[in-house]
Amino acid sequence: MDSCVDVGIAPVVPSVVAAAVVLDAAVAAGVREVVVCPGSRSAPLALCAARDPRVRVHTRIDERSAAFFALGMARVTGRPAVVVMTSGTAVANCLPAVIEAAHAHVPLVVASADRPARLVGTGASQTIDQVGMFGGFAECVNVEPLPKRLSEDDAAEFTHAVSMLRTQVDHAFAQVGPQHPLQLNLQFDQPLVGSVDAATAWVRENLPAADDATSSPAKTHGGQWIDHGEVSVDLSKRTLVITGDEAWQVEGLEDVPTMAEPTAPAPYLPVHPGAARLFLSEQVSAEGYVVDTKPEQVIVVGHPTLHRGVMKLLKDPDVRLIVLSRTNQLTDPYRRADATGTHIKTTGELDKNWLKVCSAASDLAAETVRTALEDDTLGFTGLHAAAAVADTLAVGDTLVLGASNPVRDASFLGLPYDGVSTYAPRGAAGIDGTISQTLGVAAATSTLNPEEPRTPRTIALLGDVTFLHDAGGLNIPEHSPQPDNVTIVVANDSGCGIFETLEAGDPDYRDVFEQVFATPCNVDIAALCDAYDWEYIRAETTQQLLDALVDTCEKPRGRTIIEAITTRTTRRELAHKAQL
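Under the annotation held in an unreviewed UniProt entry, the protein chain carries the name 2-succinyl-5-enolpyruvyl-6-hydroxy-3-cyclohexene-1-carboxylate synthase and is attributed to Corynebacterium argentoratense DSM 44202. Word for word, the UniProt comment on the protein chain under Subunit (unreviewed entry) is "Homodimer." In its Catalytic activity (unreviewed entry) section, the UniProt record describing the protein chain reads: "isochorismate + 2-oxoglutarate + H(+) = 5-enolpyruvoyl-6-hydroxy-2-succinyl-cyclohex-3-ene-1-carboxylate + CO2".

Listed below in structure tokens is the structure:
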């Protein structure tokens, strides 16, 4: 092997040495999960990861699924997860997950194997210009190949090159955190395989050990939140808090009425999102009294995006708007925030009458939804399916919601729940990769409390189009860790039910609605489950779905898909009756 360095133990391959250094830096930065896709150019890093007991290796054959799977794990753990793939279009397949990670502020690392730069533009196979492929969505660190064809006289040069590589990748991983994903573009020269043990031994002997993130908290992403400063808040004013994805418990706002999206922390005084229509009015007459219903100030925490009525409150020029964030994004779509910050300093006392108004408005909105669900003429809809899921959740469960109707339906039914961890891809709010993210969430959740007698339950609620969009995510290679106690509920209304309630669902457009908006697919989901070796259950009524869900709670299975056969023909009427 004339491209190796003879160190007396075994010849070490420079590309494998480089991979060993990269993996050491990743572990030091807190990485414990690595997702590997099959490929030749990525072989050095794949081999090192597979032989390293410090990381758990998952395999996927599709880079898009792999990246979303890694994203799901990182959502749960807060640690960066690494996805490894070969060169060329394999890297491009990670773009959707990188975009979601960037907008959701989830630490994700794409370790993209690359040909040496000298081959770019020469027509060499599977060679493209992939440096900075993700543009502004990820930092890119380009790692050149280590020198090769060295004699023993050049050992010092080789050691220096490896030392410089260590510095480069240590710096790259130190930057990984919630503010930006990382593309680590690794130029691996041939040969691509060799003794991992020899390469690892050489690295340990010639380079100082990297600090481990478990003993160096400053290296973990928790120290990389952005502090936008402090805002003074007078709580004697009618105040409403609106929280969304990435929200946190803000000290001083614990007792303020809060309209929380499902992925936000459960508030002490929750307000139903359907109440937003009441808050848009200056006053409401009730039992002979006139009540002031419009908040004087709204405090946004995190990234709320779900409800049009809520967004109108953020737009209202008569309402003081305060936006709190600890990332590089401030949720202010109308660019009218009166103040921005991360912390608050409170003055004044909460108005008891305002608390009563918020409670009454919330109760009215919630009751309106539940009453509409009891109307048998509306049939079995996606909202009914969401209600069945919500009613069977238990403390300790983990819930994943599709970014379309499911997350909105869950919100209308009272989520978030205290004791239930809820995730949804609300960064860029795409439906892609949701099955893969669900399995990533489940894989990470299973490691949080390993002493528990059984794996915690992960349940997902997806629409049929979201499910079919990532059907390949159901494929789990047999030598990869297998998910346990995972249930996916598919609310199958034969198309994109969300458009029934939007402008596109207006009668004026029904002549082309099915073709360009609803897009029914008529895929045999039972056959898909059989092909991918998932247990399948069919539910055609709310009660059947409830029974199936209770059964999966009482008798945990490995992986189950429940297809709920719902209708969307009444969704517009249901939304009207529920005043959503």
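Peer 1: Account for the sheet that holds strand S21 (residues 486–492), naming residues and giving values.
Peer 2: As summarised here, the arrangement of the six strands in space is S19-S18-S20-S21-S23-S22, forming an open sheet in which the pairing is parallel. Every interior strand has two partners, whereas the edge strands, strand S19 (421–423) and strand S22 (535–539), have only one. Direction aside, the axes of adjacent strands within the sheet are offset by 20 degrees on average. Summarising the sheet, strand S18 (residues 398–401) and S19 pair through three bridges and their orientation is parallel. Bridging from a neighbouring strand, Val400 pairs with Tyr423 of S19.

Peer 1: Explain the pattern of salt bridges residue by residue, including any values.
Peer 2: Scanning all chains against the criterion turns up 23 salt bridges. Taking the shortest distance from any N to any O, the salt bridge between Asp52 and Arg54 comes out at 2.7 Å. Since its relative accessible area comes to 11%, Asp52 is described here as buried. Between Arg118 and Asp189 there is a salt bridge, with its nearest N and O atoms 3.0 Å apart. On the criterion of sequence distance, the pair formed by Arg118 in the loop between strand S6 (108–114) and strand S7 (139–143) and Asp189 in the loop between strand S8 (182–187) and helix H7 (196–206) is long-range, its members being 71 residues apart. A relative accessible area of 55% places Arg118 in the exposed class. Ionic contacts of the salt-bridge type, sharing partners, join the residues Asp24, Asp52, Arg54, Arg166 and Arg204 into one network.

Peer 1: I'd like a description of the packing of helix H6 (residues 155–174) against H7, backed by residues and values.
Peer 2: Close contact between H6 and H7 brings their axes to 11 Å; oriented N to C, the two are set at 85 degrees. Overall, the two elements H6 and H7 adopt an arrangement that is roughly perpendicular. Counted together, Phe158, Thr159, Val162 and Arg166 of H6 and Trp202, Val203 and Asn206 of H7 form the full contact between these two elements. Looking at the contact of H6 with H7 residue by residue, the class counts come to four nonpolar, two polar and one charged.

Peer 1: Talk me through the domain arrangement of the protein chain; I want residue IDs and the actual numbers.
Peer 2: What the domain assignment reports for the protein chain is domain 1 (5–206), domain 2 (230–363) and domain 3 (376–578). At the interface, 16 residues of domain 2 touch 17 residues of domain 3. Summing the contributions of domain 2 and of domain 3, the shared interface buries around 1300 Å²; its carbon and sulfur component is 58%. At the junction of domain 2 with domain 3, the criterion picks out one salt bridge. Note that Glu503 and Arg308 form a salt bridge whose closest N and O atoms lie 2.7 Å from each other. Summed over the shared surface of domain 2 and domain 3, the result is five residue pairs in polar contact (both at pLDDT 80 or more). A per-class count over the side of domain 2 that touches domain 3 returns eight nonpolar, five polar and three charged.

Peer 1: Now, about the packing of helix H10 (residues 352–373) against helix H11 (residues 382–391): what can you tell me, with residues and values included?
Peer 2: The N-to-C vectors of H10 and H11 enclose an angle of 115 degrees; their axes lie 10 Å apart at closest approach. Between H10 and H11, the crossing angle belongs to the class labelled roughly perpendicular. Considering how the two elements wind past one another, H10 and H11 form a crossing that is left-handed. Contacts between H10 and H11 involve Val369, Arg370 and Leu373 from the former and Leu383, His384, Ala387 and Asp391 from the latter. Residue composition of the contact of H10 with H11, grouped by class: four nonpolar, one polar and two charged.

Peer 1: So what's going on with the sheet that holds strand S15 (residues 320–324)? Which residues, and what values?
Peer 2: Strand order in the open sheet made by the five strands is S11-S10-S14-S15-S16, with parallel pairing throughout. The open sheet has two edge strands, strand S11 (258–260) and strand S16 (339–341), and neither has a second partner. Along the sheet, successive strands turn relative to each other by an average axial angle of 20 degrees, direction set aside. As paired strands, strand S10 (residues 239–243) and strand S14 (residues 297–301) are joined by five bridges and run parallel to one another. Looking at S14, one finds that Leu240 is bridged to Val298.

Thresholds, definitions, all that
- Residues numbered from 1 in each chain as written.
- Predicted model: local features only at pLDDT ≥ 70, side-chain atom pairs only at ≥ 80, totals over all residues.
- Heavy atoms only, no water.
- UniProt positions renumbered as here; feature names shortened; annotations may be inferred.
- Pairing = 2+ DSSP bridges.
- Helix = DSSP H or I, 4+ residues; strand = E, 2+ residues; numbered from the N terminus.
- Axes fitted to C-alpha atoms, helices over the stretch in contact; angles between N-to-C directions.
- Salt bridge = Lys/Arg side-chain N within 4 Å of Asp/Glu carboxyl O.
- Buried < 20%, exposed > 50% of the residue type's maximum accessible area, 1.4 Å probe, protein only.
- Parallel < 35°, antiparallel > 145°, perpendicular 65-115°, else oblique.
- Contact = heavy atoms within 4.5 Å.
- Nonpolar A, V, L, I, M, F, W, Y, C, P; charged D, E, K, R; others polar.
- Domains from an automatic or database assignment.
- Buried area = accessible area lost by both parts, 1.4 Å probe.
- Polar contact = N/O pair within 3.5 Å; in protein donor to acceptor, adjacent residues only side chain to side chain.
- Left-handed = near helix turned anticlockwise from the far one by under 90°.

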